[in-house]
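This is what each chain is made of:
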Amino acid sequence: MNDRLPSLTALRAFEAAARHMSFAKAAAELHVTPAALSYQIKSLEADLGQPLFHRLNRAVELTAAGRALAPGVSDAFGTLSTAWRATRRLNDSGILTVTAGPAFTSKWLAPRMYSFAQDHPEIELRFLASLRIVDFDRDEVDVAIRFGLGHDKEVYARPLIREWMTPLMTPELAEKIKTPQDLEDAVLIHDDSIAFLKSPSDWPAWFQASGLSFDGSHGPRFSQADHALDAAISGVGVALGRISLATRALETGRLVAPFELGIVADAQFRFICPKGTETRPHVAAFEAWVLAEIQSSKRFEEGRRFVHSGDLSA
């Protein structure tokens, strides 16, 4: 038996025809004529010694041989495409594609981009604001910044930020709300983006840790953390805000955090990339810059008292 592989052109024609179950659609995808595609498939069948398709009046069907061949050919071309895209990205030495959640992108990354551009003019950053599970090869992404419990496998993952929450409000509102007890009559803004956490890090948890028996369930609720912060910045009320996303608003004085107690969440942000790529110069430069920016914002932890959400009783 001759194990010599047929031409890749013929295999590609077969893969497209098997996927579409149409010679015409496969030909259109490959930018060839139906006659040219049919010729490639016939040459493949001649090499194999048996038909791969039943040619019907207006359709085609895979034969037993076609059904046996199709999955392996499809997987092989998928692997080739992945390897090709990954290799091409190595040549895009001036481009770094980063994905992060919409809130982290708008509240943390975007306001700091001028600083990064000044320090690294040779790197062009591209952002993909998304919460979906990233496939580095499929999505052509170099770095992901994700918030969660951190069950990262077969990737390089580095913890970035200890996430903690504390009441945040405008300076004007802080003139009226001087003690935690004053929060009883305040409009409480809820960030439901962290409702997935096993240990609650919400208003009831903060009141419990403060020794207060207030009902913390009332007030407007937001599914996105940045929307909750924007409501607080506009003076709507007091948000139990995630400090990682509120740092720039605290630095500029649009928000203040007047109370010492912070609730530490059982999740954190992580810097994630494919194993081995963390040493690529642009990835390493971006990671170092992110870590330096985080370090500079840790001053907001000074003089505070922290309680871990997992230590609070249900």
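Residues numbered from 1 in each chain as written. Predicted model: local features only at pLDDT ≥ 70, side-chain atom pairs only at ≥ 80, totals over all residues. Heavy atoms only, no water.

Participant: Residues and numbers for helix H1 (residues 8–20), please.
Facilitator: Compared with an ideal rise of 1.5 Å per residue, which puts 13 residues at 18 Å, H1 spans 18 Å between its outermost C-alpha atoms and is within 8% of the ideal. Residues of H1 that are buried include every one of Ala10, Leu11, Ala13, Phe14, Glu15, Ala16, Ala17 and Ala18, and no others. Positive phi appears at Met21, one or two residues downstream of H1, with a value of about 50°. (Helix = DSSP H or I, 4+ residues; strand = E, 2+ residues; numbered from the N terminus. Expected span 1.5 Å × (residues − 1). Buried < 20%, exposed > 50% of the residue type's maximum accessible area, 1.4 Å probe, protein only.)

Participant: Please give an account of the pairing of strand S9 (residues 238–242) that cites residues and values.
Facilitator: Counted residue by residue, S9 has five buried out of five residues, so it is predominantly covered. Of the two faces of S9, the one carrying Val238, Leu240 and Arg242 and the one carrying Ala239 and Gly241 are both buried. Across four bridges, the pairing between strand S6 (residues 155–168) and S9 is antiparallel. Counted as the bridge partner of Thr166 is Gly241 from S9. (Pairing = 2+ DSSP bridges.)

Participant: Please provide a residue-by-residue account of the packing of aromatic side chains, values included.
Facilitator: Per the counting criterion, the structure on display carries 17 aromatic pairs. Ring geometry for Trp203 versus Trp206: centroids 6.1 Å apart, planes at 80°, classification edge-to-face. With Trp203 and Trp206 both in helix H9 (residues 203–209) and three residues apart, this pair spans about one turn of that helix. Of the two residues, Trp203 and Trp206, both sit in the buried class. Each member of the aromatic cluster is reached from another via a ring pair, and the members are Phe104, Trp108, Phe116, Phe147, Phe196, Phe269, Phe271, Phe286 and Trp289. Sitting over the ring of Phe77, Arg12 keeps its end group 4.2 Å from the ring centre. It is Arg162 that lies over the ring of Phe306; its NZ or CZ is 4.5 Å from the centre. (Phe/Tyr/Trp six-rings, centres within 6.5 Å; stacked < 30°, edge-to-face > 60°. Lys NZ or Arg CZ within 6 Å of the ring centre and 35° of its normal.)

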